[in-house]
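# Chain and residue survey
So the chains spell out like this:
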Amino acid sequence: MRSFRAENVSLLVKQVLDLETNEAKKTLAKVRGKYPIVITRDLAKAKQWLKDQARGSERYGIVVSSQAERLKPHAIDVKTPVDPIHWFLDGKEDVRSSYYLEDVVTEFQAQGLELDWACVTWDADFRYTKEGWEHFSFVGDRWNRIRKPERQSYLKNAYRVLLTRARQGMVIVVPEGDEEDHTRKKEFYDPIFEYLQDIGFDMI
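Just so it is clear, the structure is predicted and the values come from calculations on it, not from any experiment. (Residues numbered from 1 in each chain as written. Predicted model: local features only at pLDDT ≥ 70, side-chain atom pairs only at ≥ 80, totals over all residues. Heavy atoms only, no water.)

## Observations regarding helix α3 (residues 43–53)
Of the residues making up α3, those classed as buried are Leu43, Ala46, Trp49 and Leu50. Angular distribution of buried residues about the axis of α3 spans 115°; they occupy a single face of the element. Close packing links the buried residues of α3 with β1 (37–40), β2 (60–64), β3 (115–121) and β7 (166–173). The residue sitting at the N-terminus of α3 and contributing the capping side-chain oxygen is Asp42; that oxygen lies 2.9 Å from the backbone nitrogen of Ala44. (Buried < 20%, exposed > 50% of the residue type's maximum accessible area, 1.4 Å probe, protein only. Helix = DSSP H or I, 4+ residues; strand = E, 2+ residues; numbered from the N terminus. Arc of directions from axis to C-beta. Contact = heavy atoms within 4.5 Å. Polar contact = N/O pair within 3.5 Å; in protein donor to acceptor, adjacent residues only side chain to side chain.)

## A few points about the packing of aromatic side chains
In the structure shown here, the tally under the stated rule is 13 aromatic pairs. Seen in terms of ring centroids, Trp49 and Trp117 are 5.7 Å apart; in terms of plane orientation they differ by 80°. Their pairing is edge-to-face. In this pair, Trp49 is assigned in helix α3 and Trp117 in strand β3, connecting sequence segments 68 residues apart. Of the aromatic side chains, those joined through ring pairs into one cluster are Trp122, Phe126, Tyr128, Trp133, Tyr159 and Tyr195. (Phe/Tyr/Trp six-rings, centres within 6.5 Å; stacked < 30°, edge-to-face > 60°.)

## Quick notes on the side chain of Thr40
Position of Thr40 relative to the elements: it lies in strand β1. At 3.1 Å, the side chain of Thr40 forms a polar contact with the backbone nitrogen of Asp42. Once residues lying within four places of it in the same chain are set aside, the contact partners of Thr40 are Lys45, Ala46, Val171, Ile172, Val173, Val174, Phe193 and Ile204.

## Brief notes about the nonpolar core
Counting 45 residues, the largest nonpolar core has Trp122, Ile172, Leu196 and Phe201 as its most contacted members. Element by element, the count of residues in this core is highest for helix α7 (residues 186–199), at 7 residues. Counting 20 residues, the second-largest nonpolar core is a separate cluster that includes Tyr60, Ile62, Val78 and Leu101. (Core = buried A, V, L, I, M, F, W, Y, C linked by side-chain atoms within 4.5 Å.)

## A short note on the sheet that holds β3
The 5 strands are arranged β2-β3-β7-β1-β8 in an open sheet whose pairing can be described as parallel. Strand pairing shows two members of the sheet lacking a second neighbour, β2 and β8 (202–203), which therefore form its edges. In the sheet, β1 pairs with β7 via 4 bridges, with the strands oriented parallel. Residue pairing across strands places Thr40 opposite Val173, the latter belonging to β7. Those strands touched by α3 are β1, β2, β3 and β7, and its axis lies near 175° from that of β3. (Pairing = 2+ DSSP bridges. Axes fitted to C-alpha atoms, helices over the stretch in contact; angles between N-to-C directions.)

Here's what the structure looks like:
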């Protein structure tokens, strides 16, 4: 079961990131039922979903890209230092643990480590378009396009790491955006969510 999930979820994530929509739909059909993956626009719903799924000491937490600098309105700040030892090992009563759903880890801290259930919160650093992914870093007060192929590849790989951290299932949050904030326009986020909907992920 473990190897089935690991193999098929890794394949599904690769197909999603490689924009192989039809293949991703087929792989999702194999995974569904054995490894729940849901999508939402609402971080509070995602947190509740994690708590509802986890049994006993199963560990859950929020993971984000190190470039996800415009999740601050959702109380997610990638610049806040996090001790991964406390985050991955401490219990539910410790505010520094993943269970508290306050501190988040990025692909750097999450590499090579796993949770039972993960919430991947997707920012406007990695945007879906009909022509392919667009890659951004936040500098000063605006998003700047990443044009170097190696940096584009690194950002795509960061999302691959984030989307393969969970042993048992995950929820993907794509924020709604805010038209009054030029750094969080709906047009940055809506196409990502619509793409995931088109593949067939269940919405909560």
